[in-house]
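Here's the letter readout for the chains.
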Amino acid sequence: PVPEFTFYLTASTEERIKRNKKRNKPMAYMEKLLVNEPEKFERIESNLKEITLQLFDAEIIDTEGKTPMEIAEYISNKIKKIERRNDEYER
């Protein structure tokens, strides 16, 4: 099944590295790659982004300079807007 809503959250490599440094937890593989081999990380990230766009027609959301709450509110408003439009068609 195809999801009704798909969002792809992204930020610049520099922003991701900055965020990573603030976290107080062990790094996952992609986080280590981001820090140690940013060019390789960017190639993989680009491929993942392209696949997600092709398969799911995702909306890209640049999270740079946004709080998690701002991002959540944007997504919530987007979903509500689409749901309202669908309600109009059902009447």
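Data block above holds the structure.
Residues numbered from 1 in each chain as written. Predicted model: local features only at pLDDT ≥ 70, side-chain atom pairs only at ≥ 80, totals over all residues. Heavy atoms only, no water.

1. Digging into a nonpolar patch on the surface
- Judged by side-chain polarity, Ile 51, Leu 55 and Phe 56 come together as a nonpolar surface patch covering roughly 280 Å² of accessible area.
- Inspection of the secondary structure puts Leu 55 in helix α3 (residues 38-56). (Patch = residues over 30% accessible without salt bridge, like charges linked within 9 Å, V, L, I, M, F, W, Y side chains within 5 Å. Areas by Shrake-Rupley, 256 points an atom, 1.4 Å probe, with all protein chains shown as cover. Salt bridge = Lys/Arg side-chain N within 4 Å of Asp/Glu carboxyl O. Helix = DSSP H or I, 4+ residues; strand = E, 2+ residues; numbered from the N terminus.)

2. Concerning unusual backbone geometry
- We note that Asp 57 has phi near 50 degrees; this positive angle belongs to a residue other than glycine.
- Within the secondary structure layout, Asp 57 lies in the loop between α3 and β2 (59-62).

3. Things to note about a positive patch on the surface
- Taken together, Lys 80, Lys 81, Arg 84 and Arg 85 make up a surface patch of like positive charges.
- Mapped onto the secondary structure, Arg 84 falls in helix α4 (residues 68-90). (Lys, Arg positive; Asp, Glu negative; His and termini not counted. Charge placed at Lys NZ, Arg CZ, Asp CG, Glu CD.)

4. Observations regarding the side chain of Arg 16
- Topologically, Arg 16 is positioned in helix α1 (residues 13-22).
- Reaching out from Arg 16, the side chain makes a polar contact with the side chain of Glu 45 at a distance of 3.1 Å.
- Apart from the residues lying within four places of it in its own chain, the contact partners of Arg 16 are Leu 9, Thr 10, Ala 11, Leu 34, Phe 41 and Glu 45. (Polar contact = N/O pair within 3.5 Å; in protein donor to acceptor, adjacent residues only side chain to side chain. Contact = heavy atoms within 4.5 Å.)

5. Quick look at α1
- Of the residues making up α1, those classed as buried are Thr 13, Glu 15, Arg 16, Ile 17 and Asn 20.
- Here the buried face of α1 lies against β1 (7-10), α2 (29-36) and α3. (Buried < 20%, exposed > 50% of the residue type's maximum accessible area, 1.4 Å probe, protein only.)

6. A word on the side chain of Glu 31
- Tracing the backbone through its elements, the reader meets Glu 31 in helix α2.
- Take Glu 31: its relative accessible area is 16%, and that puts it in the buried class.
- At 2.6 Å, the side chain of Glu 31 forms a polar contact with the backbone nitrogen of Ala 28.
- The contacts of Glu 31, once residues within four sequence positions are left out, are Asn 20, Arg 23, Lys 25 and Pro 26.

7. Considerations on the packing of α2 against α3
- Close contact between α2 and α3 brings their axes to 6 Å; oriented N to C, the two are set at 130 degrees. Classified by the angle between their axes, α2 and α3 sit oblique to one another. Along the contact surface, α2 presents Tyr 29, Met 30, Leu 33, Leu 34, Val 35 and Asn 36, while α3 presents Pro 38, Lys 40, Phe 41, Ile 44 and Leu 48. (Axes fitted to C-alpha atoms, helices over the stretch in contact; angles between N-to-C directions. Parallel < 35°, antiparallel > 145°, perpendicular 65-115°, else oblique.)

Distances and angles like these do not, on their own, reveal function.
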